[in-house]
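Coordinate analysis (summary)
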Amino acid sequence: MTESTVVPPKLIKSVRAVASLDDLRDFETGNVVIDAVVGPDGEVHLISVISGPPSLRAPAMKAVKQYQYEPATQNGQPVPAHVNITIRFRFES
């Protein structure tokens, strides 16, 4: 009997999320938690925000769209898989 274990995706390229001055107008900091699907091609698809300050959600999603993963595999074949990503924003003056 063989097990069909899914090997999770591995992040190979991330992009720093940058909030504009307008986004930071309230000196808002915090974490944006995103659920995304990494496709068999290693690209991020279907991004949805789970939590985080509203003004920081768009820059977080923009950054995550540029992430690259080594795709998840099942029985040696690339398969789509969900990942949770936390983007941290800290106000730096």
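Let me sum up the structure you'll find in this document. (Residues numbered from 1 in each chain as written. Predicted model: local features only at pLDDT ≥ 70, side-chain atom pairs only at ≥ 80, totals over all residues. Heavy atoms only, no water.)

**Topic: the pairing of strand 4 (residues 44-51)**
Across five bridges, strand 3 (residues 30-38) lies against strand 4 in antiparallel orientation. Note that in strand 4 the partner of Val33 across the bridge is Ser51. Counted between consecutive antiparallel strands, the loop separating strand 3 from strand 4 contains five residues, among which Gly42 sits at a positive phi close to 85°. (Pairing = 2+ DSSP bridges. Helix = DSSP H or I, 4+ residues; strand = E, 2+ residues; numbered from the N terminus.)

**Description of the sheet that holds strand 1 (residues 6-7)**
Pairing is antiparallel across the open sheet formed by three strands, whose spatial order is 1-6-7. The sheet is open, and its two edges are formed by strand 1 and strand 7 (77-79), each paired on a single side. In the sheet, strand 6 (residues 72-74) pairs with strand 7 via three bridges, with the strands oriented antiparallel. In the strand pairing of strand 7, Ala72 is matched with Val79.

**Some words on helix 1 (residues 54-64)**
Residues of helix 1 that are buried include every one of Ser55, Leu56, Pro59, Ala60, Ala63 and Val64, and no others. Projection of helix 1 onto a plane perpendicular to its axis shows the buried side chains occupying an angular sector of 150°, all on one side. Seen from the open side of helix 1, the exposed residues pointing more than 90 degrees away from its buried face are Pro54, Ala58 and Lys62. Those residues of helix 1 that are buried lie in contact with strand 3, strand 4 and strand 8 (81-89). (Buried < 20%, exposed > 50% of the residue type's maximum accessible area, 1.4 Å probe, protein only. Arc of directions from axis to C-beta. Contact = heavy atoms within 4.5 Å.)

**Some words on unusual backbone geometry**
A positive phi angle, near 50°, is found at Leu46, a position not held by glycine. Its location among the elements puts Leu46 in strand 4. With a phi close to 55°, Asn75 is a non-glycine residue in the positive phi region. The topology assignment puts Asn75 in the loop between strand 6 and strand 7. On the basis of relative accessible area, Asn75 is assigned to the exposed category, the value being 58%.

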